[in-house]
Amino acid sequence: MHFKKESDSRRREVVSRLREMGMRAAVWTVRDSDDVRARQLCLSAAATWLHELGVTRLAIESCAHQDVRDRQTLAAALEKVDDPFTYEHLRPAEDPVLWASDALAWCFGAGGDWRQRVQSMLDAVVRLDQYQESAKPGNRPSGR
């Protein structure tokens, strides 16, 4: 499932089901004209935050031209960690959690009513270009 291709009624249904399931999420954003750099900054900050939360596994949607760089970014972010979590790149059909993250990210990015629909599921919105210290679980930036 790719959320951007779904009808509005299907989108509303999916978001409602995610809420019923108790889905929780965090969003990392950064304003950078270089998409590669932006992805690296967000992934690195997310890795630190997820490790501190005690996450044991991270599923990342595979994008062939980005997977190697993602692995390098994660390795650098976790190099000084005693017990790092595992991570793997998967195609959306291989793990439904990727559908959920796609849906939540799409809604957040769409703004307006769509963002309002997922707001209660967001534990944190980390704006890296505004909050240099906020990529940690204890520092939950407001500015949603």
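Right above here is the structure, for reference.
Here the residue numbering is sequential within each chain, running from 1 through the sequence in written order. Reporting in this predicted model follows two pLDDT cut-offs: at least 70 for local features of residues, and 80 or more for side-chain atom pairs to be given and counted; totals over whole chains, interfaces and linings ignore these cut-offs and use all residues. Note that the side-chain values use all heavy atoms of the structure and ignore hydrogens as well as water.

Some remarks on the packing of helix α4 (residues 97-110) against helix α5 (residues 112-119)
Interhelical geometry of α4 versus α5 gives an angle of 135° and a closest axis separation of 6 Å. Classified by the interaxial angle, the pair formed by α4 and α5 is oblique. Handedness of the α4/α5 crossing: left-handed. Each of Leu-104, Trp-106, Cys-107, Phe-108 and Ala-110 in α4 lies in contact with α5, whose residues at this interface are Gly-112, Trp-114, Arg-115 and Val-118. Tallied by class, the residues present in the contact of α4 with α5 amount to seven nonpolar, one polar and one charged. Inter-axis angles, ranging from 0 to 180 degrees, are taken between N-to-C directions of lines fitted to C-alpha atoms, where helices are fitted over the stretch in contact. Numbering of helices and strands runs from the N terminus; a helix is a DSSP stretch of H or I covering at least four residues, while a strand is a stretch of E covering at least two. What sets the label is the angle itself: under 35 degrees gives roughly parallel, over 145 gives roughly antiparallel, 65 to 115 gives roughly perpendicular, and the rest give oblique. Each crossing is labelled by how the near helix is turned from the far one, with a counterclockwise turn of less than a right angle marking it left-handed and a clockwise turn marking it right-handed. Between two residues, a contact is recorded if the distance between any of their heavy atoms is within 4.5 Å. Note on residue categories: nonpolar means Ala, Val, Leu, Ile, Met, Phe, Trp, Tyr, Cys or Pro, charged means Asp, Glu, Lys or Arg, and polar means any other residue, Gly included.

A word on helix α1 (residues 8-20)
Structurally, the α-helix is built with 3.6 residues per turn, so residues lying three or four positions apart point the same way. The span one expects for a helix is its residue count, reduced by one, times 1.5 Å. Here α1 contains 13 residues, and its C-alpha end-to-end distance of 18 Å stays within 8% of the 18 Å for a straight helix at 1.5 Å per residue. At its buried positions, α1 is contacted by α4 and α5. Immediately beyond the C-terminal end of α1, within one or two residues, lies Gly-22, with a positive phi of roughly 80°.

Examining α4
Between its terminal C-alpha atoms α4 stretches 20 Å, which fits the 20 Å expected from 14 residues at 1.5 Å a residue. Type-normalised accessible area, obtained with a 1.4 Å probe on protein chains alone, sets the label of each residue: buried when under 20%, exposed when over 50%, and partly exposed for intermediate values. The complete set of buried residues in α4 reads Leu-98, Ala-100, Ala-103, Leu-104, Cys-107 and Phe-108. Contacts made by the buried residues of α4 are with α1, β1 (25-29), β2 (57-61), β3 (86-90), α5 and β4 (122-127). Note on α4: the residue one or two positions beyond its end, Gly-111, has a positive phi of about 70°.

Section: the side chain of Gln-66
Among the structural elements, Gln-66 can be located in helix α3 (residues 64-78). Assessed through its relative accessible area of 19%, Gln-66 is described here as buried. For this analysis, a polar contact is any N or O atom pair within 3.5 Å, provided that within protein one partner can donate a hydrogen and the other can accept it, and provided that sequence-adjacent residues contribute only side-chain to side-chain pairs. At a separation of 3.1 Å, a polar atom in the side chain of Gln-66 contacts the side chain of Arg-39.

Concerning the environment of Trp-49
In this structure, Trp-49 sits in helix α2 (residues 35-53). What makes Trp-49 buried here is its relative accessible area of 9%. Separated by 23 residues in the primary sequence, Trp-49 and Ala-26 have C-alpha atoms spaced 9.9 Å apart.

Describing the environment of Arg-57
Mapping Arg-57 onto the fold places it in strand β2. Between the C-alpha atom of Arg-57 and that of Phe-85, which follows or precedes it by 28 residues, the distance is 5.4 Å. Residues contacting Arg-57, with those up to four places away along its chain left out, are Phe-85, Thr-86, Glu-88, Leu-90 and Asp-95. A polar contact is formed between the side chain of Arg-57 and the side chain of Glu-88, at a distance of 3.0 Å. Side-chain polar atoms of Arg-57 contact the side chain of Asp-95, separated by 2.7 Å.

Regarding the pattern of salt bridges
Salt bridges are defined as contacts in which a side-chain nitrogen from Lys or Arg sits within 4 Å of a carboxyl oxygen from Asp or Glu. This structure, assessed with the given rule, holds twelve salt bridges. We note a salt bridge from Arg-31 to Asp-129, for which the minimum N-O separation is 3.7 Å. Of the two residues, Arg-31 is situated in the loop between β1 and α2 and Asp-129 in the segment after β4; the sequence distance between them amounts to 98 residues. Note on Asp-129: relative accessible area 32%, which makes it partly exposed. In this structure, Arg-57 and Glu-88 form a salt bridge, with 3.0 Å as the shortest nitrogen-oxygen distance. With Arg-57 in strand β2 and Glu-88 in strand β3, this residue pair connects regions lying 31 residues apart in the sequence. In the salt-bridge network here, residues are joined through shared partners; they are Glu-6, Arg-10, Glu-13 and Arg-17.

Structural measurements only, silent on function.
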